[in-house]
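Observations on the three-dimensional arrangement
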Amino acid sequence: MSTPDPLPDSDVADEGSGPAVLFSHGTLLDRTMFAPQTRALRDRYRTIAYTSRAGTSRFGTERSLDDLVDDCLAVADAAGAERFVLLGMSVGGFMAVELALRHPERLAGLVLMATQAAAYTAEERRTFGALLAPLDTDGTIPESVVEAFRPVIFGKQALAEKPDLAQRWTAKWRRRPARALYGEYRSWIDKPDRLPDLADITIPTLVLHGEGDNGIAVDHAHAIHERLPNSTFAPIADAGHLVTEEQPEAVTDALASWLDDLTPREGRS
């Protein structure tokens, strides 16, 4: 059994100046998935991208979405960001919805990327459980799980045209502790259905989703957009779940345009 790579105690990239934008990633990923966007935005925004517990020495700790909300606020507090735009991708989006419901006063805006508000179905829970429940064990993520997630995380076009992208990430996965992925899975598999609660979120929100997402179907984005009272929908063509790196220019353009429209109302610091 392989020995996992040692993980850092924390991993936060805080760059630029201006209105703060926090970036929270999805399962099997880390803060570097947002590098194309933070590079483009840091000349006029303070970009704070952080790696969640799963990518740090805290990967073995128990966690729920409420714990991840607290972790996000701890990053913001450490940065002195009292009010910020929160971008949550996939499980980062699950967390972002919970934070918006619990602490709307902290948010100047919300970006829900490649995520869903609905609960997982019983069939989805069984499927994920069969694959991921056995990962509560020592050692690294097994190859069978790496291969199972390849078509979930990467879209068809990316797999065909950007093989280096999948190779870079799957190499990381093979070195990760199995329990890191197990803990991520446990944080979201029993998430509540938040579709009925979205009407309570009046914060300006950008809903951004790859049209070829095999991890979370784009129908979930439509459902979120339809229920949020103050949302903008940005579908990204030819992109799968890892939309920020599969179509970086389209994502950056959509995000920058929305942020630039938002910040005059908020004022710039």
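Below is a summary of the structure that appears in this document. The residue count restarts for each chain, going from 1 along the sequence in the order it is written. Where totals are concerned, whole chains, interfaces and linings use all residues; where local detail is concerned, this predicted model gives features only for residues with pLDDT of at least 70, and gives and counts side-chain atom pairs only at 80 or more. Calculation of side-chain values draws on the structure's entire complement of heavy atoms; hydrogens and water are dropped beforehand.

So, about helix α4 (residues 122-132). Side chains three or four residues apart in an α-helix point the same way, a direct result of the helix having 3.6 residues per turn. Buried within α4 we find Phe128, Gly129 and Leu132. Across the axial projection of α4, the buried residues extend over an arc of 105 degrees, all falling on one side. Exposed residues on α4 whose side chains face more than 90 degrees from its buried face are Glu123, Arg126, Thr127 and Ala130. For every residue, the accessible area (1.4 Å probe, protein chains only) is compared with the maximum for its type, and the residue is labelled buried under 20%, exposed over 50%, or partly exposed between those bounds. Secondary structure elements follow DSSP: runs of H or I of four or more residues count as helices, runs of E of two or more count as strands, with numbering from the N terminus. Picture the helix axis, draw a direction to every C-beta atom, and the arc is the one those directions span.

Take helix α5 (residues 143-153) next. By the burial criterion, the buried members of α5 are Val145, Val146, Phe149 and Ile153. Here the buried residues of α5 occupy an arc of 100 degrees about the axis, which is enough to place them on one side. When checking whether two residues touch, look at their non-hydrogen atoms; a contact exists if any pair is within 4.5 Å. Buried-residue contacts for α5 involve α4, α7 (163-175), α8 (178-188) and α10 (243-246).

Bringing unusual backbone geometry into the picture now. In terms of backbone geometry, most residues other than glycine have negative phi values and most peptide bonds are trans. In this structure, Leu28 is a non-glycine residue whose phi angle is positive, near 70 degrees. Position of Leu28 relative to the elements: it lies in the loop between β2 (20-24) and α1 (35-41). Relative accessible area serves as the criterion here: at 2%, Leu28 is assigned to the buried category. Although it is not a glycine, Ser90 adopts a positive phi angle of roughly 55 degrees. The residue Ser90 is located in the loop between β4 (84-89) and α3 (91-102) in this model.

Axis lines are fitted to C-alpha atoms, over the contacting stretch for helices. Their N-to-C directions set the angle, which ranges from 0 to 180 degrees. As a packed pair, α4 and α5 sit with axes 10 Å apart at the nearest point and diverge in direction by 145 degrees. Of the residues in α5, those in contact with Phe128, Leu131 and Leu132 of α4 are Val145, Ala148 and Phe149. Each residue receives one of three labels: charged for Asp, Glu, Lys and Arg, nonpolar for Ala, Val, Leu, Ile, Met, Phe, Trp, Tyr, Cys and Pro, and polar for the others, Gly being one of them. Grouping the amino acids of the contact of α4 with α5 by side-chain chemistry returns six nonpolar, no polar and no charged.

Time to look at the sheet that holds β2. A strand pair is defined by DSSP finding two or more bridges across the two strands. The sheet built from seven strands is open, its strands ordered β1-β3-β2-β4-β5-β6-β7 with mixed pairing. Each edge of the open sheet is held by one strand with a lone partner, namely β1 (12-15) and β7 (231-236). Ignoring strand direction, the axes of neighbouring strands in this sheet form an average angle of 15 degrees. Two elements, β4 and strand β5 (residues 107-113), share six bridges in a ladder whose sense is parallel. Within the sheet, the bridge partner assigned to Met89 lies in β5 and is Met113. In the packing of helix α2 (residues 65-79) onto the sheet, contacts are made with β1, β2, β3 (46-50) and β4, and the angle to β3 comes to roughly 140 degrees. With respect to the sheet, α3 is in contact with β2, β3, β4 and β5, its orientation differing from that of β4 by roughly 140 degrees.

Classification of ring pairs rests on two measures: the distance between centres of Phe, Tyr or Trp rings, Trp counted by its six-membered ring, which must be within 6.5 Å, and the angle between planes, read as stacked under 30 degrees, edge-to-face over 60 and tilted in between. Per the counting criterion, the structure on display carries eight aromatic pairs. Between Phe23 and Phe34, the ring centres sit 5.2 Å apart and the planes meet at 50 degrees, which makes this aromatic pair tilted. With Phe23 in strand β2 and Phe34 in the loop between β2 and α1, this pair connects stretches of sequence that are 11 residues apart. Look at Tyr185 and Trp188: their rings are 5.9 Å apart centre to centre, the planes differ by 85 degrees, and that puts the pair in the edge-to-face class. With Tyr185 and Trp188 both in helix α8, this residue pair falls three residues apart, about one helical turn. A relative accessible area of 6% places Tyr185 in the buried class. One aromatic cluster in this structure is built from Phe94, Tyr120, Phe128, Tyr182, Tyr185 and Trp188. Think of it as a cone above the ring: NZ of Lys or CZ of Arg counts as a charge over the ring if it is within 6 Å of the ring centre and within 35 degrees of the ring normal. Between the NZ or CZ atom of Lys172 and the centre of the ring of Trp169, over which it lies, the distance is 4.2 Å. Looking at Lys191, its charged tip hangs above the ring of Phe94, at a distance of 5.0 Å from the centre.

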